[in-house]
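# Residue-level structural notes
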Amino acid sequence: MSVPNITLNDGHEIPQLGFGVFQIPPDETAEAVKVALDAGYRHIDTAEMYGNEQGVADGIAAAGLDRADVYITSKLNNTFHEPDAARKAMAGTLEKLGSDYVDLFLIHWPLPTLYGGDYVSTWNTMIEFQKAGYARSIGVSNFQVAHLERLAAETDVVPAVNQIELHPYFHNAAVAAYGKEHGIDTEPWSPIAQGRVLGDPVLTEIAAAHGKSTAQVVLRWHIQLGYIVFPKSTTPARIRENFDIFDFELTPADMAAIGALDKGEAGRDGPNPDTFAYLPT
Ligand SMILES: NC(=O)c1ccc[n+]([C@@H]2O[C@H](COP(=O)([O-])OP(=O)(O)OC[C@H]3O[C@@H](n4cnc5c(N)ncnc54)[C@H](OP(=O)(O)O)[C@@H]3O)[C@@H](O)[C@H]2O)c1
């Protein structure tokens, strides 16, 4: 079973299932990426903040693949929002990836309380990167509706994706709905809530009925909602398990039952983008 592609609003295609490398130590990243590529993944989600972009490139080489065989996303770190700093960061990302382009480049966080709240200038620099060919597609991450509305009002380019926290306990409904209405694909991060949803009795019952694992059910739920997901694991058996989600289908009743697990804002595990102001040193 092959992974479907999603066509983004700029015409580029992205594999709907990928592999995330957040919190994988740099010296373990190449091996994890190689295991994922050997299992069939062709989409890797990294970030300058994760410190492991070089490991992604090394993993692709170790798997015997060419750069062009793999869809790579990276992200602009919080420290580099000002245009000149962003240009240096873009060059650094390309150098670490050993490539002259990324498939998708995202503003990692909007940081509305920093840089005078000027994520619009940062977005204009991203538009410059796309025009220069450094990033085939550009998008954002952790943008709230108000932030997206401001980009729409003040710039000419709609982000291709918005990567946001989203899992069965936190559907991030208003942001996902805005994306759907405006042609911005949603990329849920922490799609299995870093494992916290896996003991939920509603999910374990659905998993048993399909003869699949709970993680597979949750990932399948994302896929059936049309989202782009990239679970993280450093456990080879789980890396393969998370890829094996295209041989079954959740029923409308399953989808409704998972839909009822949303706790709204109380289900959010990560930082709130309206106040998050972390600047890595
Ligand atoms: N843009 C952002 O701000 C942002 C924030 C967070 C994440 N992300 C992206 O989203 C990706 C995924 O999110 P995430 O890493 O936070 O969390 P996640 O994918 O929801 O969960 C990863 C955790 O679940 C465990 N796990 C994975 N597959 C499993 C399975 N089949 N059964 C049981 N446990 C399993 C992993 O353990 P082991 O590794 O020990 O197997 C790991 O502890 C990241 O890697 C990153 O690319 C982006």
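Whatever comes next refers back to the structure up there.
What this report covers is the structure whose coordinates are included nearby.

With that settled, consider the overall build of the chain. On a plain count of helices and strands, the chain comes out with 10 helices and nine strands. Since a compact globule built from 281 residues should have a radius of gyration of about 19 Å, the 18 Å found for the chain is in line with a globular shape. Every one of the 281 residues in the chain was classed for burial, and the buried ones make up 54%. Considering only residue pairs separated by 6 or more positions, the chain has 75% of its internal contacts joining residues 24 or more positions apart. As displayed, the chain has an accessible area near 11500 Å², and 51% of this comes from carbon and sulfur atoms. Across the chain, the centroid of the 19 positively charged side chains sits 2 Å from that of the 37 negatively charged ones.

Taken together, 29 residues are adjacent to the ligand, and Asp45, Ser190, Gln194, Ser233 and Thr235 come closest. Side-chain polar atom of Ser141 to a nitrogen atom of the ligand: 2.8 Å apart, as the coordinates give it. One of the side-chain nitrogen or oxygen atoms of Gln163 is found 2.9 Å away from a nitrogen atom of the ligand. When isolated, the ligand has an accessible area of 910 Å², and the protein chains bury 88% of it. Examining the composition of the shell around the ligand, we find that three residues originate from one element, helix α9 (residues 236-243), more than from any other. Across the shell around the ligand, the residue classes tally to 12 nonpolar, 12 polar and five charged.

Turning to the packing of helix α2 (residues 53-62) against helix α3 (residues 83-97), a few remarks are in order. Direction vectors running N to C along α2 and α3 enclose 30 degrees, while the axes themselves pass 7 Å from each other. Between α2 and α3, the interaxial angle falls into the category roughly parallel. Here α2 contributes Glu53, Gln54, Val56 and Ala57 to the contact with α3, which in turn contributes Thr93, Lys96 and Leu97. Of the residues that constitute the contact of α2 with α3, the class distribution is three nonpolar, two polar and two charged.

Under the defined criterion, the tally for this structure stands at nine aromatic pairs. Taking 4.1 Å as the distance between ring centres and 45 degrees as the angle between the ring planes, the aromatic pair formed by Trp109 and Phe276 counts as tilted. Linking Trp109 in the loop between β6 (102-107) and α4 (119-132) with Phe276 in the segment after α10 (252-259), this pair joins segments that are 167 residues apart in sequence. This pair shows no difference in class: Trp109 is buried, exactly as Phe276 is. Taking the centre distance of 6.1 Å and the plane angle of 45 degrees together, the rings of Phe276 and Tyr278 count as tilted. In this structure Phe276 comes out as buried when scored by relative accessible area, which is 17%.

Attention now goes to the pattern of salt bridges. The final tally for this structure, using the stated rule, is 12 salt bridges. Two residues, Lys96 and Glu53, come together in a salt bridge whose shortest N-O distance is 3.4 Å. Here Glu53 lies in helix α2 and Lys96 lies in helix α3, a separation of 43 residues in the sequence. Lys96 sits in the partly exposed class, given a relative accessible area of 29%. For Glu53, a relative accessible area of 2% gives the class buried.

Bringing helix α8 (residues 214-224) into the picture now. Burial of α8 is extensive: 10 of the 11 residues sit out of reach of the surface. What α8 keeps buried is the set Thr214, Ala215, Gln216, Val217, Val218, Leu219, Arg220, Trp221, His222 and Ile223. Where α8 is buried, its residues contact β9 (185-189), α7 (201-210), α9 and α10.

Between its terminal C-alpha atoms α3 stretches 21 Å, which fits the 21 Å expected from 15 residues at 1.5 Å a residue. Within α3, burial applies to Ala86, Ala89, Met90, Gly92, Thr93, Leu94 and Leu97. Of the surrounding secondary structure, the elements contacted by the buried residues of α3 are α2, β5 (71-76), β6 and α4. Within two residues after α3, Gly98 carries a phi angle of roughly 60 degrees, on the positive side.

Rules behind the numbers
- Residues numbered from 1 in each chain as written.
- Predicted model: local features only at pLDDT ≥ 70, side-chain atom pairs only at ≥ 80, totals over all residues.
- Heavy atoms only, no water.
- Helix = DSSP H or I, 4+ residues; strand = E, 2+ residues; numbered from the N terminus.
- Rg over C-alpha atoms; globule rule 2.2 N^0.38 Å.
- Buried < 20%, exposed > 50% of the residue type's maximum accessible area, 1.4 Å probe, protein only.
- Contact = heavy atoms within 4.5 Å.
- Areas by Shrake-Rupley, 256 points an atom, 1.4 Å probe, with all protein chains shown as cover.
- Lys, Arg positive; Asp, Glu negative; His and termini not counted.
- Charge placed at Lys NZ, Arg CZ, Asp CG, Glu CD.
- Near = heavy atom within 4 Å.
- Polar contact = N/O pair within 3.5 Å; in protein donor to acceptor, adjacent residues only side chain to side chain.
- Nonpolar A, V, L, I, M, F, W, Y, C, P; charged D, E, K, R; others polar.
- Axes fitted to C-alpha atoms, helices over the stretch in contact; angles between N-to-C directions.
- Parallel < 35°, antiparallel > 145°, perpendicular 65-115°, else oblique.
- Phe/Tyr/Trp six-rings, centres within 6.5 Å; stacked < 30°, edge-to-face > 60°.
- Salt bridge = Lys/Arg side-chain N within 4 Å of Asp/Glu carboxyl O.
- Expected span 1.5 Å × (residues − 1).

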